[in-house]
Amino acid sequence: MSSILLLTSSPRAESLSTSIAVDLAEKLKSQKPGSVVVRRDLAANPLPHIDDLFTGAIRKPAEARTAEENAAIKTSDELVAELFAADTIVISTGLINFNIYSSLKTWIDNVARAGVTFKYTESGPVGLVTGKKLYVVLASGGVYSQGPAAPLNHAVPYLKSVLGFLGITDIETIYVEGLAFGPEAAEKAIDAAKSRVQEIALAA
């Protein structure tokens, strides 16, 4: 059975990054009978930030952890299991202060675990989360995919770097940008994103 992991992170009720990501996930699901969408709304249900107890627990083998340590990484274990189970991952975020929402960063902190989602070898680190397709839906008021503001887009390079470190390298970004440039520009951006979603679904 195919599993689509949908991670939304915008706190906005009328978020375009969320609505387009949800549409993509549902369209991908409709193309694969029997598939399921596992959704994590990281804004509505924020994850716990990692702390000293967490970082100590993940450095120990399971049999050496205390009950308190096991409780501290329980959510992380669930997130990692969802990640490994997914064939396709859809992540949505707005561009906030030139990067991703903190709620999404916390998800990354919970799933990036040495010996679990990546490992160190004599030839360097190796990602263990492989064979997955990932889509990033990024919404922004300005245009950051190209042009003079592109160097300020730290969201996409960061996601590609950290997810690539985990082994996820097949990544495509769907931009919904220029939303602050007036109704006509916003409509054009939304239509372009929706068209790309349709193309992706038909090709799935």
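What you see is a predicted model, and the numbers here were worked out from it, not measured in a lab. (Residues numbered from 1 in each chain as written. Predicted model: local features only at pLDDT ≥ 70, side-chain atom pairs only at ≥ 80, totals over all residues. Heavy atoms only, no water.)

Caption draft 1: Representation of the sheet that holds strand β7 (residues 170-176) within the structure. Pairing within the open sheet is parallel, and its five strands lie in the order β2-β1-β3-β6-β7. In the strand order of this sheet, the two ends are held by β2 (36-41) and β7, each with one partner. Strand-to-strand twist of the sheet, defined as the mean angle between neighbouring strand axes without regard to direction, takes the value 15°. Bridge count for strand β6 (residues 133-139) against β7 is seven bridges, and the pairing is parallel. The residue bridging K133 from the neighbouring strand is D170, located in β7. Each of β1 (3-8), β2, β3 (88-94), β6 and β7 touches helix α1 (residues 16-31); the most contacted strand, β3, lies at about 165° to it. (Pairing = 2+ DSSP bridges. Helix = DSSP H or I, 4+ residues; strand = E, 2+ residues; numbered from the N terminus. Axes fitted to C-alpha atoms, helices over the stretch in contact; angles between N-to-C directions. Contact = heavy atoms within 4.5 Å.)

Caption draft 2: Geometry of the UniProt feature "binding site: FMN" (unreviewed entry) in the chain. UniProt feature "binding site: FMN" (unreviewed entry): in the numbering of this structure it lies at S10, S15, L16 and S17. Mapped onto the fold, S10 is located in the loop between β1 and α1. Residue classification places S10 among the buried residues on the basis of a relative accessible area of 8%. Setting aside residues up to four positions removed in sequence, S10 forms contacts with S15, S17, T18, A43 and Y101. With respect to the element layout, S17 can be found in helix α1. Every residue in contact with S17, bar those within four places of it in the chain, is listed here: S10, S92, T93, G94, V137 and A139. A polar atom in the side chain of S17 sits 3.0 Å from the side chain of S15. (UniProt positions renumbered as here; feature names shortened; annotations may be inferred. Buried < 20%, exposed > 50% of the residue type's maximum accessible area, 1.4 Å probe, protein only. Polar contact = N/O pair within 3.5 Å; in protein donor to acceptor, adjacent residues only side chain to side chain.)

Caption draft 3: Just unusual backbone geometry, in detail. Non-glycine residue N97 carries a positive phi angle of around 50°. Mapped onto the secondary structure, N97 falls in the loop between β3 and α5 (102-111). N97 sits in the exposed class, given a relative accessible area of 69%. We note that F98 has phi near 70°; this positive angle belongs to a residue other than glycine. Of note, F98 is situated in the loop between β3 and α5. On the accessibility criterion, F98 (34% relative accessible area) is partly exposed.

Caption draft 4: The arrangement of the packing of aromatic side chains in detail. Inspection of every chain in the model, using the stated rule, returns three aromatic pairs. Ring centres of F118 and Y120 lie 5.4 Å apart, and the angle between their planes is 85°; on these two criteria the pair is classed as edge-to-face. We classify Y120 as exposed; its relative accessible area is 58%. The rings of F118, Y120 and F165 are connected pair by pair, giving a single aromatic cluster. (Phe/Tyr/Trp six-rings, centres within 6.5 Å; stacked < 30°, edge-to-face > 60°.)

Caption draft 5: Broad picture of helix α4 (residues 74-85). In a regular helix each residue adds 1.5 Å, so 12 residues correspond to 16 Å; α4 covers 17 Å between its end C-alpha atoms and thus fits that length. By the burial criterion, the buried members of α4 are S76, L79, V80, E82 and L83. Taken down its axis, α4 places every buried residue within 160° of arc, on the same side. Contacts from the buried residues of α4 go to β1, β2, α2 (52-57), β3 and α5. (Expected span 1.5 Å × (residues − 1). Arc of directions from axis to C-beta.)

Caption draft 6: A look at the UniProt feature "domain: Flavodoxin-like fold" (unreviewed entry) in the chain. In the numbering adopted here, UniProt assigns the feature "domain: Flavodoxin-like fold" (unreviewed entry) to residues 3-199. For residues 3-199, helix accounts for 40% and strand for 21%, while the C-alpha atoms at its two ends are 20 Å apart.

Caption draft 7: Representation of the packing of α1 against helix α7 (residues 183-203). In the contact formed by α1 and α7, the axes pass within 9 Å of each other and the chain directions differ by 20°. With respect to their mutual orientation, α1 and α7 come out roughly parallel. Relative to α7, the crossing made by α1 is right-handed. Counting all contacts with α1, which are made through L16, I20, D23, L24, K27, L28 and Q31, the residues of α7 involved are I190, A193, V197, Q198, I200, A201 and L202. Considered class by class, the residues forming the contact of α1 with α7 number 10 nonpolar, two polar and two charged. (Parallel < 35°, antiparallel > 145°, perpendicular 65-115°, else oblique. Left-handed = near helix turned anticlockwise from the far one by under 90°. Nonpolar A, V, L, I, M, F, W, Y, C, P; charged D, E, K, R; others polar.)

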